[in-house]
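# Structural description and commentary
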Amino acid sequence: MSPSVGVVIPTRGHRPDRLRAAIRAALGQDHPGPLEVVVVVDGGDPAAVADRTADLLAARCPAASGEETPRRVRVVANRLSPGLPGARNTGIAVLGTDLVAFCDDDDEWAPGKVAAQVAALESRPGAEFSSCAIEVEYGSRRVPRLAGTGTVTRAHLLRSRMVMVHSSTFLFRRGAFWADESAPGGQNEDWDLALRAAARHPIAHVDRPLVRVRWGGSAYATRWADRIAGLEWMLARHPDLVVDPRGAARVYGQLAFHHAALGRRREAGRWAWRAFTARRGEPRVPLALAVAAGLVPAGTVLGALHNLGRGI
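Because the structure is predicted, anything quoted here is derived from the model rather than measured.

Calculation criteria
Residues numbered from 1 in each chain as written. Predicted model: local features only at pLDDT ≥ 70, side-chain atom pairs only at ≥ 80, totals over all residues. Heavy atoms only, no water. Helix = DSSP H or I, 4+ residues; strand = E, 2+ residues; numbered from the N terminus. Rg over C-alpha atoms; globule rule 2.2 N^0.38 Å. Buried < 20%, exposed > 50% of the residue type's maximum accessible area, 1.4 Å probe, protein only. Lys, Arg positive; Asp, Glu negative; His and termini not counted. Charge placed at Lys NZ, Arg CZ, Asp CG, Glu CD. Expected span 1.5 Å × (residues − 1). Salt bridge = Lys/Arg side-chain N within 4 Å of Asp/Glu carboxyl O. Phe/Tyr/Trp six-rings, centres within 6.5 Å; stacked < 30°, edge-to-face > 60°. Contact = heavy atoms within 4.5 Å. Axes fitted to C-alpha atoms, helices over the stretch in contact; angles between N-to-C directions. Parallel < 35°, antiparallel > 145°, perpendicular 65-115°, else oblique. Left-handed = near helix turned anticlockwise from the far one by under 90°. Nonpolar A, V, L, I, M, F, W, Y, C, P; charged D, E, K, R; others polar.

## As for the overall build of the chain
When its secondary structure is counted, the chain shows twelve helices and ten strands. Here the C-alpha radius of gyration of the chain, 20 Å, is about what a compact globule of 312 residues would show, namely 20 Å. If you line up the chain on its principal axes, its C-alpha atoms span 60 × 45 × 35 Å. For the chain, buried positions account for 54% of its 312 residues. On the chain, the mean spot of the 41 positive side-chain charges and the mean spot of the 31 negative ones are 6 Å from each other.

## A closer look at helix 7 (residues 189–200)
Under the 1.5 Å per step criterion, the end-to-end length of helix 7 is 17 Å for twelve residues, consistent within 8% with the ideal 16 Å. Counting buried positions along helix 7 yields nine of twelve residues, so the element is predominantly enclosed. Residues of helix 7 that are buried include every one of Glu 189, Asp 190, Trp 191, Asp 192, Leu 193, Ala 194, Leu 195, Ala 197 and Ala 198, and no others.

## Here we look at the pattern of salt bridges
In total, this model carries 22 salt bridges according to the counting rule given. A salt bridge links Arg 88 to Asp 104, with the nearest nitrogen and oxygen atoms 2.8 Å apart. Residue Arg 88 is located in helix 4 (residues 84–94), and its partner Asp 104 is located in the loop between strand 4 (99–102) and strand 5 (108–109); the two are separated by 16 residues in the primary sequence. The two residues Arg 88 and Asp 104 agree in class, both being buried. Notably, a salt bridge pairs Arg 142 with Glu 137, separated by 3.1 Å at the nearest N-O pair. Taken together, the shared-partner salt bridges connect Glu 108, Glu 135, Glu 137, Arg 142, Arg 212 and Arg 214 into one network.

## Comments concerning the packing of aromatic side chains
In total, this model carries nine aromatic pairs according to the counting rule given. Where Phe 102 meets Phe 170, the ring centres are 6.3 Å apart and the plane angle is 40°; that geometry is what we call tilted. Here the residue Phe 102 occupies a position in strand 4, and Phe 170 occupies one in the loop between helix 6 (154–159) and strand 9 (171–173), the gap between them amounting to 68 residues. Here Phe 102 matches Phe 170 in class, with each residue buried.

## Section: the environment of Leu 35
Looking at where Leu 35 falls in the secondary structure, it is placed in strand 2 (residues 35–41). Counting along the chain gives 18 residues from Leu 35 to Asp 17, while the straight-line C-alpha distance between them is 21 Å.

## Details of helix 12 (residues 298–307)
An α-helix turns once per 3.6 residues; consequently, residues spaced three or four apart project the same way. Along helix 12, the residues that are buried comprise Ala 298, Val 301, Leu 302, Gly 303, Leu 305 and His 306. In this fold, the buried residues of helix 12 make contact with strand 6 (129–138), helix 8 (224–237), helix 9 (245–261) and helix 11 (284–292). Once helix 12 ends, the next one or two residues include Gly 309, with phi positive near 75°.

## Quick notes on the packing of helix 9 against helix 10 (residues 265–278)
Their axes nearest at 8 Å, the elements helix 9 and helix 10 cross at an angle of 165°. Here helix 9 lies roughly antiparallel to helix 10, going by the angle between them. Between helix 9 and helix 10 the crossing geometry is left-handed. For the pair helix 9 and helix 10, the contacting residues are Pro 245, Ala 248, Ala 249, Tyr 252, Gly 253, Leu 255, Ala 256, His 259 and Ala 260 in the first and Glu 267, Ala 268, Trp 271, Ala 272, Arg 274, Ala 275 and Ala 278 in the second. Of the residues assigned to the contact of helix 9 with helix 10, the class counts are twelve nonpolar, two polar and two charged.

Spelled out as structure tokens, the structure:
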């Protein structure tokens, strides 16, 4: 018997077309087992979201293979802490499936995503958590981001954030993991979850771009104060983030950039120096200093990086 899969899609209800595309892509998976989608409305009106997706809730949706497998969609309100982690945990709590997957409401799965990740989990004894590569869409550009490995370890995630281990790729055994609702502004709760998962067992990674991740549709990346708080939260929770010089320089460089974006030149300089001493070639150092000096706006830098499928 193929395991049942529950898909948690948090939403505020403000981008209905993208949400409908995410639901359709989840329902169209060629996974042969039962599949259920739970749309968790965080801070919006669940009834309005249900109205906008009524045809998808009512439709009988066979898998992409044409086989009739149980598929259904539910819309529920976030019953836990406001924000992304609480919405995700609400979805996990209402599901009764063997596996849980996350998908953001502006991302979209390729048809074979679930089947490939279920196979990866089942082929690795003891594996609890799976991810896959992504395709970053920003404006008219699409850039694949691959990991270059079929197994992601905690050491990988300490050295690099590994953007392809994205929340919209997460598939894991229900009951094994929950999002941490103490994450400031919901920042880095997905990185924290991946680190905790990898500490228990290496992540089974499918290194094919099976999720389209759309950047530029929200202000999440430019909430500079929240991003600073999120990185400080991560450093407190995971002290080994600074053991690898490359990983330490990356985090320090990000803190320098975010402070620079807020006009905090002294703090930006302090973190830039720490990044430089950890790794002299850290590329975020000159970017942070240029923003701090007023030579270029932070948003311009971020947009240029997003065009390359990268972030700060």
